[in-house]
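Here's the letter readout for the chains.
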Amino acid sequence: MSATPWPDDLDVFRERVGEWCRSEIPAGWRQAQTGVTGAEFVAFQQDWFQRLRRAGFAVPHWPAEYGGGMPVAHQIVLYRELAAHDAPRLVLAFVSVHHAAATLLGAGTPEQRRRHLPAILDGEIWAQGFSEPGAGSDLAALRTAARRDGEHYVVTGQKVWASGAQYADWCLLLARTDPEAPKRRGISYFLLDMRSPGIEVRPIRQATGDAHFCEIFLDEVRIPAGNLIGAENRGWQVAQQTLGAERGLTMLELAERLGHAGFRWLVSAAREHDDPVVLDRLAALEIELTGLRALCRDLVERHAAGTAGPADASVVKLVYSELLQRMTDFGAELGGVGAHAVLRKPMSGGWESGAWVLDFVGSWEWTIPGGTSEIQRSIIGERGLGLPREPVLP
């Protein structure tokens with residue numbers, strides 16, 4: 001089907017997307033992606049990305065000149081249909097099409113955009129080098145240092161929790177360029193070629209058995225000055241554009257997946273139980289899911305209209321992450337001892353797969369990274385409700 005123009009009638013568009021899903025989603029992909037090697041995971045993800053690209057579905061949120069331009073109402077339909085048909089997630093391209101693209105479009109030079117946006121469409125993989133040991137939620141406390149040396153910056157330090165860094169071609173990197181400045185004013189933002197000498201990537205084996213997160217060690221790594229994004233020492237402001245890409249349509253997609261496949265599997269797990277308490281909890285979870293999906297749609301529409309509030313994204317992130325934990329916890333409870341014997345889940349799926357114990361353990365990824373639930377509540381209280389900031393203890 002042609003990527004543009006999109007039909008004005010959303011029902012017509014919904015049917016087109018559904019027809020595409022029925023013909024293009026690989027049959028049995030969940031089983032095929034369980035227990036695969038890293039190379040097999042990358043190959044599957046790259047193939048799926050190109051299928052979406054050919055249909056015009058890979059980067060609908062990008063500007064039209066770069067292969068996007070889909071109206072927001074159509075994007076909502078697209079993500080709902082992909083979730084309803086249990087399509088694979090773009091796990092490997094997530095940072096590329098959201099974080100890297102938002103950064104390049106918002107703060108990159110024309111040359112940087114020309115270099116990287118088409119390459120992302122061709123499969124260039126990005127990681128994000130923000131968090132450090134001791135500088136997670138307090139990101140401004142990062143200590144990785146960059147010093148200017150002629151036409152390069154020389155960077156030394158360590159990053160952690162970099163998703164998919166073992167597969168990445170490039171990395172969004174924050175480093176301190178002025179150690180004397182206040183925390184948020186001495187940080188610069190770089191595009192780091194992961195093939196540069198002096199880089200070591202170490203995958204972190206997680207409790208689920210996966211190694212999605214990585215450490216990145218940088219030892220006198222030379223970055224061309226032309227790879228600086230924005231002005232020197234103004235990287236904190238640029239980073240807010242990157243972090244903003246974690247919300248909106250990305251959360252809508254996750255909420256729709258939780259409300260479709262995730263909840264269907266939960267209902268299936270509950271079929272063996274006729275306890276009214278189980279049915280009551282299912283009903284309560286369905287009500288929460290309905291509210292979450294409405295919250296996400298409202299955020300997307302108001303973000304497009306420029307009326308989103310300063311804490312709205314934190315509300316959505318908090319509601320999604322804690323609901324994900326409660327759902328997967330309940331699934332593990334329903335699954336009983338047998339749920340503990342499931343040791344693998346699909347590589348290209350979301351945070352809900354029906355392998356309930358692994359899903360529950362993995363759900364903690366959402367209440368800690370990207371701003372803990374405690375941090376989100378502080379943002380909601382201070383920026384959303386106007387409450388006074390918590391006093392800093394001596």
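Computed from a predicted structure; not experimentally measured.

A. How the structure looks around the packing of helix α9 (residues 276–305) against helix α10 (residues 312–339). At a closest axis distance of 10 Å, the pairing of α9 and α10 adopts a crossing angle of 155 degrees. Classified by the angle their axes make, α9 and α10 are roughly antiparallel. α10 is crossed by α9, and the crossing has left-handed handedness. Counted together, V278, R281, L282, L285, E288, L289, L292, L295, C296, L299 and R302 of α9 and D312, A313, V315, V316, V319, Y320, L323, R326, M327, F330, E333 and L334 of α10 form the full contact between these two elements. Looking at the contact of α9 with α10, its residues break down into 17 nonpolar, no polar and six charged.

B. Broad picture of the pairing of strand β7 (residues 214–224). Sheet topology note: the strand β3 (residues 152–159)/β7 ladder contains seven bridges and is antiparallel. Within β7, the residue paired with H152 across the bridge is P224. Here strand β6 (residues 199–203) pairs with β7 via five bridges, running antiparallel. If you follow I199 over to β7, its bridge partner there is L218.

C. Seen up close, helix α6 (residues 110–121). An ideal rise of 1.5 Å per residue puts 16 Å on 12 residues; α6 measures up with 17 Å between its terminal C-alpha atoms. Within the sequence span of α6, burial applies to Q112, R113, H116, L117, A119, I120 and L121. Those residues of α6 hidden inside the fold are in contact with α3 (38–55), α5 (94–107), β1 (126–129), β4 (170–176), β5 (187–193) and β8 (228–229).

Rules used throughout
- Residues numbered from 1 in each chain as written.
- Predicted model: local features only at pLDDT ≥ 70, side-chain atom pairs only at ≥ 80, totals over all residues.
- Heavy atoms only, no water.
- Axes fitted to C-alpha atoms, helices over the stretch in contact; angles between N-to-C directions.
- Helix = DSSP H or I, 4+ residues; strand = E, 2+ residues; numbered from the N terminus.
- Parallel < 35°, antiparallel > 145°, perpendicular 65-115°, else oblique.
- Left-handed = near helix turned anticlockwise from the far one by under 90°.
- Contact = heavy atoms within 4.5 Å.
- Nonpolar A, V, L, I, M, F, W, Y, C, P; charged D, E, K, R; others polar.
- Pairing = 2+ DSSP bridges.
- Expected span 1.5 Å × (residues − 1).
- Buried < 20%, exposed > 50% of the residue type's maximum accessible area, 1.4 Å probe, protein only.

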